[in-house]
Amino acid sequence: MTQPVAPPPVVVDGRRVVPPDVERIDAALRFDLDTREAVAKATVHFTAGGQDGHPALDLRQPVEWLRLDGTSLDPSALPSRDLGAEPGAEMRVLDVSLEAGSPHRLEIGYRLEKPTAAGAEDIGWQDEGVRFDLWMSDLRPGRYLEMWVPAPLVHDRFALSLAVELLGKGRPHTLIANTGGVDAARGGKKWSLRYPAHFTSLSPMLILAPSDQIEVRRSAVVIPDRERSLGVVCARSTDIDVDLEACAADLRAWLVYLSSRYGPWTHGDTFWALLWAPERGMEYDGATTSSVKALEHEVFHSWFGRGVKPARAADGWIDEAWTTWATSTRSSDRLGRFETVELGLDEPPVELYPPSAWSRHTPLAAYTEGARLFAGLAALLGGPERLRAAMADWYRVNLGGFVTTNGLAAHLAAWSGIDIGPWWARYVHGRG
Ligand SMILES: [Zn+2]
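Residues numbered from 1 in each chain as written. Predicted model: local features only at pLDDT ≥ 70, side-chain atom pairs only at ≥ 80, totals over all residues. Heavy atoms only, no water.

Q: Explain the overall build of the protein to me, and be specific about the residues and the numbers.
A: A tally of regular secondary structure across the protein gives seven helices and 24 strands. For 432 residues, the compact-globule estimate of 2.2 N^0.38 gives 22 Å, and the C-alpha radius of gyration of the protein, at 22 Å, lies within 12% of that figure. Its C-alpha atoms give the protein principal-axis dimensions of about 60 × 55 × 35 Å. In the protein, which comprises 432 residues, the share counted as buried stands at 57%. In the protein, once contacts between residues fewer than 6 apart in sequence are set aside, the share between residues at least 24 apart is 72%. Taking the 45 positively charged and 57 negatively charged side chains of the protein as two groups, their mean positions are separated by 2 Å. (Helix = DSSP H or I, 4+ residues; strand = E, 2+ residues; numbered from the N terminus. Rg over C-alpha atoms; globule rule 2.2 N^0.38 Å. Buried < 20%, exposed > 50% of the residue type's maximum accessible area, 1.4 Å probe, protein only. Contact = heavy atoms within 4.5 Å. Lys, Arg positive; Asp, Glu negative; His and termini not counted. Charge placed at Lys NZ, Arg CZ, Asp CG, Glu CD.)

Q: Please set out the sheet that holds strand β6 (residues 63-68) residue by residue, giving values where relevant.
A: Ordered in space as β7-β6-β10-β4-β3-β13-β16-β15, the eight strands form an open sheet in which the pairing is mixed. The sheet is open, and its two borders are formed by β7 (71-73) and β15 (181-184), each paired with just one other strand. If you compare each strand with its neighbour and ignore which way they point, the axes differ by 15 degrees on average. Sheet analysis places strand β3 (residues 21-32) next to strand β13 (residues 159-167), joined by nine bridges and oriented parallel. Note on β13: the bridge partner recorded for Asp26 is Ser161. (Pairing = 2+ DSSP bridges. Axes fitted to C-alpha atoms, helices over the stretch in contact; angles between N-to-C directions.)

Q: Could you give an account of unusual backbone geometry, naming the residues involved and the relevant values?
A: Leaving glycine out, the prevailing phi sign among residues is negative, and the prevailing peptide bond configuration is trans. Not every positive phi belongs to a glycine, and Asp69 is a case in point at roughly 50 degrees. Inspection of the secondary structure puts Asp69 in the loop between β6 and β7.

Q: So what about the coordination of the zinc ion? Which residues, and what values?
A: Distances from the zinc ion to its protein donors, His297 (NE2), His301 (NE2), Glu320 (OE) and Glu320 (OE), fall at 2.0 to 2.7 Å. Written as a sequence motif, the donor residues of the zinc ion are H-x3-H-x18-E. Pair noted here: His297 is in helix α2 (residues 295-300) and Glu320 is in helix α3 (residues 317-327), with a separation of 23 residues, a long-range link. Taken as a pair, His297 and Glu320 share a single burial class, namely buried. (Donors = N, O, S within 2.8 Å, 3.2 Å for Na, K, Ca; no water.)

Q: Please set out the environment of Ile25 residue by residue, giving values where relevant.
A: Among the secondary structure elements, Ile25 is positioned in strand β3. For Ile25 and Ala151, which are 126 residues apart along the polypeptide, the C-alpha to C-alpha distance reads 8.0 Å. For Ile25, the contacting residues outside a window of four places in its chain are Thr43, Val44, Val149, Pro150, Ala151, Pro152, Phe158, Ala159, Leu160 and Ser161.

Q: I'd like a description of the domain arrangement of the protein, backed by residues and values.
A: According to the domain assignment, the protein contains domain 1 (10-132 + 141-200), domain 2 (215-300) and domain 3 (309-427). Counting residues at the interface gives 21 residues for domain 1 and 13 residues for domain 3. Carbon and sulfur atoms supply 60% of the area that domain 1 and domain 3 bury against each other, a total of about 1,300 Å² over both sides. The largest per-residue losses of area from domain 1 upon contact with domain 3 belong to Glu86, Val154 and Arg157, which jointly make up 33% of the total buried on that side. Counting every contact that joins domain 1 to domain 3 gives two salt bridges. Applying the counting criterion to the domain 1 and domain 3 interface returns eight residue pairs in polar contact (both at pLDDT 80 or more). (Domains from an automatic or database assignment. Buried area = accessible area lost by both parts, 1.4 Å probe. Salt bridge = Lys/Arg side-chain N within 4 Å of Asp/Glu carboxyl O. Polar contact = N/O pair within 3.5 Å; in protein donor to acceptor, adjacent residues only side chain to side chain.)

Q: Go over the nonpolar core, please, and point to the residues and values.
A: The biggest cluster of nonpolar side chains holds 67 residues, and the ones touching the most others in it are Phe31, Val149 and Leu206. Residues lining this core come from more than one domain, with at least three contributed by each of domain 1 (10-132 + 141-200) and domain 2 (215-300). If we skip the residues at most four places from it in the chain, Val149 touches Ile25, Ala27, Leu29, Asp58, Leu59, Tyr110, Leu160 and Leu162. (Core = buried A, V, L, I, M, F, W, Y, C linked by side-chain atoms within 4.5 Å.)

Q: Mind laying out the packing of aromatic side chains, listing which residues take part and the relevant values?
A: Under the definition given, this model contains 20 aromatic pairs. Between the aromatic rings of Phe300 and Phe304, the centroid separation amounts to 5.3 Å while the plane-to-plane angle is 25 degrees, which identifies the pairing as stacked. The exposure classification of Phe300 matches that of Phe304, with both residues buried. Judged by centre distance (6.4 Å) and plane angle (35 degrees), the rings of Trp317 and Phe374 are tilted. Of this pair, Trp317 sits in helix α3 while Phe374 sits in helix α4 (residues 365-381), and the two are 57 residues apart along the sequence. (Phe/Tyr/Trp six-rings, centres within 6.5 Å; stacked < 30°, edge-to-face > 60°.)

Q: How would you sum up the sheet that holds strand β20 (residues 270-275)? Please name residues and give values.
A: In spatial order, the strands read β18-β19-β20-β22-β21; together these five strands make up an open sheet with mixed pairing. The open sheet has two edge strands, β18 (214-221) and β21 (282-284), and neither has a second partner. This sheet shows a mean twist of 15 degrees between the axes of neighbouring strands, independent of strand direction. Pairing analysis gives four bridges linking β20 to strand β22 (residues 287-290), with the strands arranged parallel. Residue Trp272 lies in a different strand from β22, and its bridge partner there is Ala287. Across the face of the sheet, helix α1 (residues 244-261) comes into contact with β18, β19 (230-237) and β20 while running at roughly 140 degrees to β19.

Q: An account of the side chain of Thr179 is needed here, citing residue identities and associated values.
A: Structurally, Thr179 can be placed in the loop between β14 (173-177) and β15. Of note is the side chain of Thr179, whose polar atom sits 2.9 Å from the backbone nitrogen of Gly181. Not counting the four nearest positions on each side in its chain, Thr179 is found in contact with Leu193, Arg194, Tyr195, Pro196 and Trp272.

Written out as structure tokens, the structure reads:
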């Protein structure tokens, strides 16, 4: 199994910036329904990186106070800095240099408002209510947990606990999250959540809405390689008119099919889906928020993308390209599902893997040129069934772990005996 890959230290303005190893994050989010203001407080428990230096985390909210190991720092001591990756991929770098391998506790108090990241959603205040969704995305930097809670890059696993509270006069609310560890207080205004300790910043799903705006159906399905049945929570936002029973039936069928065809389910005891009006969908570990149309694509990601996870954000092209090729519908994608189209080494080069180790987005070309690459790989390997078998083996070898672009190239070459290096160079790394 591929080990997590932290980016190497980088020197910025004469300071060595080092990725820390985060063990635990405890955060409290409070929404005041009367004043329509939200505040948060988070404690990050971490070990300083492999070399002495300034730890880098991210948070896309305005910091109001800061404490390191119990000592107050000025709130400006955690500025956002350009680490040499694409615009928007800046990280917050602590002004204090820390000894390699030393344990620390960073406490951050902040207002909670619309995150400063491209495409982020604001908190949806209503009369006596609020709609809140982590609303993550792979496509822009800063669109994972760091929008709302301080978080490391995607290679870092940590235990996350969240206390969510509504203050003031309000209706009962429903919270949906992809963890069995939710304690809900009576009245629908206070929750405490513990996410699994193997989660990373792209794993947790959280949706909060007035209970009268969410309809929830629960069912269960027996899937291969699992003794107990798997719970299926299928919910809809009441602003869309969908047949929840039919969607849940599709979900159950896909869960059986994907575990039979590609390998075991790696998540907890439940799959969660929230169906919503926006055209987009987003995958989480064993969960999704999705339009009806994108639902199959998003369920597929619980195997590829969140069952095996990108070791770095730059490896995220793999799951979008492969998922698009394997679930495409003629109405929305250029290529058909499982299409096989020979790909010579004379087409325009494509860069799907952003070269900076601190890069934090999946290029949109993953959905088009990336899917085209998989159609070419199907031709190269002798047909779609052979490519699917190779990818199923790759999934099973890396089950529950991290995957890399180089690791996939090595796997496909070993599996097929074909040197796919030239295709990787031209259509993944963009070398002409
Ligand atoms: Zn996707």
